[in-house]
Structures are given as C-alpha cells and as structure tokens.
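# Topology and contacts: notes
One letter stands for each residue in the lines below.
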Amino acid sequence: MSSFFEKIRGGLKKTRDNISSKVGGVLASFKKIDDDFYDELEETLILCDIGVSATDTIMTELRRRVKEDKLTDPASLKPVLISIIADMIPAGQVDIETPCAVLVVGVNGVGKTTAIGKMAHYHRSRGKSVVLAAGDTFRAAAAEQLSMWGERADARVVKYGEGADPAAVVFDAVDSAQHRNIDMVICDTAGRLHNKKNLMNELSKISRVLEKTYDEAYRHTYLVLDATTGQNAISQAREFSQVTPLSGLILTKVDGTAKGGIVCSICDELKLPIMFLGVGEGMEDLEPFDPMDFARSLFE
C-alpha cells in the first residue's frame with residue numbers, strides 16, 4: 001500500500017463515505033445490469049458531485065466495458081468504475097526539469113500561499129534549491145505569510161512591501177536564483193479574478209520578465225483550487241484558463257469535503273493534469289497526485 005494511498009484514503013474519508021455508500025448501495029441493490037441499473041447509477045454519480053459531463057463519460061465507458069467483457073453482475077463493477085475514473089484523471093509530472101519557474105495562480109482563500117510553501121518543502125526534501133517570489137503584493141500580510149512558509153521549507157523568499165510591483169519582485173527572485181544557481185523559482189501571484197483585466201496585465205508583465213531574464217528556465221503555471229467549493233472550483237478554472245495558459249492544477253482542502261468527486265468533473269472539463277492534492281494541514285500533506293490511488297480511495 002503506497003504512502004499516497006494511505007494519506008489520500010484518510011484525507012478522502014468524507015468523500016468516500018459519500019460515494020462508496022451511495023454507489024455501493026446501487027451495486028448491491030440490483031441483480032442484473034440493465035437500463036434501470038444504468039439510470040440509477042448515473043443519477044447517483046451526479047448526486048455524488050461527479051458532475052453531469054464526467055458522469056456521462058464514466059457511463060459511456062462503463063457500458064462499453066460491460067458489453068466487451070460480457071459482465072452481468074452489478075456487484076462486480078466496482079473495480080471497473082475505479083479503473084475508468086483513474087483513466088480519466090491525468091496526473092502531472094511534479095519532479096520537473098530545472099532550472100524552472102513555476103507561476104502559481106488562484107483566487108484568495110483557496111490556500112495558494114500555503115500550497116506554495118508545501119510545494120517548496122516537497123522539492124527541498126528531494127534536494128532541489130528553491131526561491132519563493134512574494135508576488136501577491138496586494139493582499140495584506142501575504143508576503144509575511146509566504147516568509148513563514150519559506151522559513152519552514154528552508155527556501156529563500158524575495159519580497160517587497162505591500163502594493164509593490166509584482167513583476168519587480170519576480171525579477172529580483174530570478175536574479176537571486178541565477179546568481180546562486182538555484183533550481184526553482186516559485187512565484188506567488190495576486191488572486192484578483194474579479195478584475196480580470198488587471199490580473200491579465202499583471203500576469204502578462206510577469207511572463208515578459210521571465211521570458212527576458214530567465215529564458216533558460218522551464219515554465220509552468222499551476223492553478224490552485226479549493227475542493228470544498230465544489231462546482232465553483234470549475235467556474236474559477238474556466239475563468240483563469242481565459243486569463244493565462246495553465247499547465248496543471250493543485251487541489252487543496254480535499255480532506256475537508258465530501259465533494260472530492262469534483263476532481264473528476266474538473267479533469268473531464270479542463271483536460272489538465274493534477275499536480276498535487278492537499279490532504280491535511282501538515283507540511284507533508286501536499287501529495288503528488290496518483291490517479292489510481294485517488295480512484296481507489298473513493299471506493300475502498
């Protein structure tokens with residue numbers, strides 16, 4: 001049993017209690033696989049926050065596999081559902097090539113700064129050197145919060161005062177990384193999605209800084225989403241994808257919700273890989289995402 005499975009199984013208790021009991025009830029209450037069974041299962045998956053589109057994807061594939069493998073017993077379908085869900089959720093490669101610059105975006109309150117600190121700890125614990133750029137200069141105490149996480153993760157933090165130019169912070173962080181031969185620059189950004197024009201301008205300016213001063217670095221942009229917000233997380237993802245190209249997702253607070261099935265819906269719509277999953281408050285509780293362990297944790 002992998003350490004991720006152990007952690008994610010614990011973190012997904014509320015979601016598993018929701019999905020496993022309801023789906024398990026459907027599987028146990030039918031004696032044959034027929035249209036009534038499919039209708040009941042489809043409705044149940046939607047009620048479990050899997051989402052309409054993702055549920056349609058799951059049901060289409062389930063019907064195909066049942067027909068192809070000549071399955072007849074509903075009780076035998078749990079491993080098939082696990083396999084289908086695992087296949088539809090892409091995982092990202094978190095141990096990325098260096099030097100690299102990771103831009104982290106997301107609205108205020110999703111746990112973005114905390115996720116950055118934990119991500120820094122993850123890479124530091126694997127021998128990478130990290131500089132954090134406190135680019136969220138519009139939120140009071142954001143730089144101080146990032147400094148606290150930087151100290152805990154043993155990562156250098158470059159910060160200015162409140163209201164400073166985020167691109168200037170990133171410029172100095174890159175300069176620091178280049179002079180110290182640092183592997184990674186992870187950039188915090190302001191979560192002002194309500195003013196998309198300002199946010200787009202800000203992210204474009206940061207991108208230009210990275211292109212001009214750090215062109216040798218691999219570039220990634222991760223969107224942080226709060227799993228407890230359910231369908232609202234998908235709305236945020238749609239909005240951010242219009243503002244900036246995204247390369248991956250970080251889902252936080254998965255342990256605090258029964259709506260963890262929203263992961264399926266997010267991935268089905270956005271076709272973006274999940275990089276990390278937040279399953280607790282501790283420094284070690286941001287885990288690289290594993291689709292099969294996640295899918296198993298929904299049912300087992």
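This structure is a prediction, so every number in the text was calculated from the model and none was measured.

## A short note on the pattern of salt bridges
- Going through the model one piece at a time under the given rule, you end up with twelve salt bridges.
- As a salt-bridge pair, Glu68 and Arg64 come within 2.8 Å of each other at their nearest N and O atoms. Here Glu68 and its partner Arg64 are both found in helix α4 (residues 52-69), four residues apart, which amounts to about one turn of the helix.
- Relative accessible area serves as the criterion here: at 52%, Glu68 is assigned to the exposed category.
- One salt-bridge network, held together by shared partners, links Glu61, Arg64, Arg65, Glu68 and Asp87.

## Section: the packing of aromatic side chains
- By the definition in use, this model includes four aromatic pairs.
- Both rings, one in Phe37 and one in Tyr38, keep their centres 5.7 Å apart while their planes meet at 55°; by these two values the pair is tilted.
- Phe37 gets classed as buried once you look at its relative accessible area, which sits at 0%.
- For Tyr38, a relative accessible area of 7% puts it in the buried group.
- Of the aromatic side chains, those joined through ring pairs into one cluster are Phe30, Phe37 and Tyr38.
- Between Arg63 and the ring centre of Tyr38, over which it is positioned, the NZ or CZ distance is 4.1 Å.

## Observations regarding the sheet that holds strand β7 (residues 274-278)
- Taken together, the eight strands give an open sheet; going across it, the order is β3-β2-β4-β1-β5-β6-β7-β8, and neighbouring strands pair in mixed fashion. Looking at which strands have only one partner, the edges of the open sheet turn out to be β3 (156-158) and β8 (286-288). Taken pair by pair, the neighbouring strands of this sheet meet at an average axis angle of 25°, ignoring direction.
- Relative to strand β4 (residues 184-188), strand β2 (residues 130-133) runs parallel, the two being bridged by four bridges. Paired with Leu132 across the two strands is Ile186, which belongs to β4.
- Those strands touched by helix α10 (residues 231-243) are β1 (100-105) and β5 (218-226), and its axis lies near 150° from that of β5.

## Regarding the nonpolar core
- Core analysis: the biggest nonpolar cluster contains 104 residues, and Phe37, Leu62, Ile89, Val102, Met119, Ile186 and Ile266 have the highest contact counts within it.
- Ranked by residues supplied to this core, first place goes to helix α5 (residues 78-88) with seven residues.
- In contact with Ile186, other than residues within four places in its own chain, are Val102, Val104, Ile116, Met119, Ala120, Val130, Val131, Leu132 and Ala133.

## Focus: the pairing of β5
- Counting buried residues along β5, seven of its nine residues qualify, which places the element largely inside the surrounding structure.
- Two strands pair when backbone bridges link them, and β1 and β5 are joined in this way by six bridges, in the parallel orientation. When the bridges of β5 are listed, Val102 appears paired with His220.
- When β5 meets strand β6 (residues 248-252), the two strands line up parallel, connected through five bridges. Residue pairing in the sheet places Asp226 in a bridge with Thr252 of β6.
- As for the winding sense of the linkage, the β-α-β connection from β5 through α10 to β6 is right-handed.

## Notes on the confidence of the model for the protein
- Scored by pLDDT, the protein has a mean of 88; 95% of the residues are at 70 or more.
- Model confidence for the protein, summarised as mean pLDDT per element, is weakest for helix α1 (residues 3-11) at 67 and strongest for β2 at 97.

## Some remarks on the environment of Tyr222
- Considering the arrangement of structural elements, one finds Tyr222 in strand β5.
- Setting aside residues up to four positions removed in sequence, Tyr222 forms contacts with Ile96, Val102, Leu103, Val104, Val105, Met119, Ser247, Gly248, Ile250 and Met275.

Calculation rules
Residues numbered from 1 in each chain as written. Predicted model: local features only at pLDDT ≥ 70, side-chain atom pairs only at ≥ 80, totals over all residues. Heavy atoms only, no water. Salt bridge = Lys/Arg side-chain N within 4 Å of Asp/Glu carboxyl O. Helix = DSSP H or I, 4+ residues; strand = E, 2+ residues; numbered from the N terminus. Buried < 20%, exposed > 50% of the residue type's maximum accessible area, 1.4 Å probe, protein only. Phe/Tyr/Trp six-rings, centres within 6.5 Å; stacked < 30°, edge-to-face > 60°. Lys NZ or Arg CZ within 6 Å of the ring centre and 35° of its normal. Pairing = 2+ DSSP bridges. Axes fitted to C-alpha atoms, helices over the stretch in contact; angles between N-to-C directions. Contact = heavy atoms within 4.5 Å. Core = buried A, V, L, I, M, F, W, Y, C linked by side-chain atoms within 4.5 Å. Right-handed = clockwise from strand over helix to strand, strands pointing away. pLDDT = per-residue confidence, 0-100.

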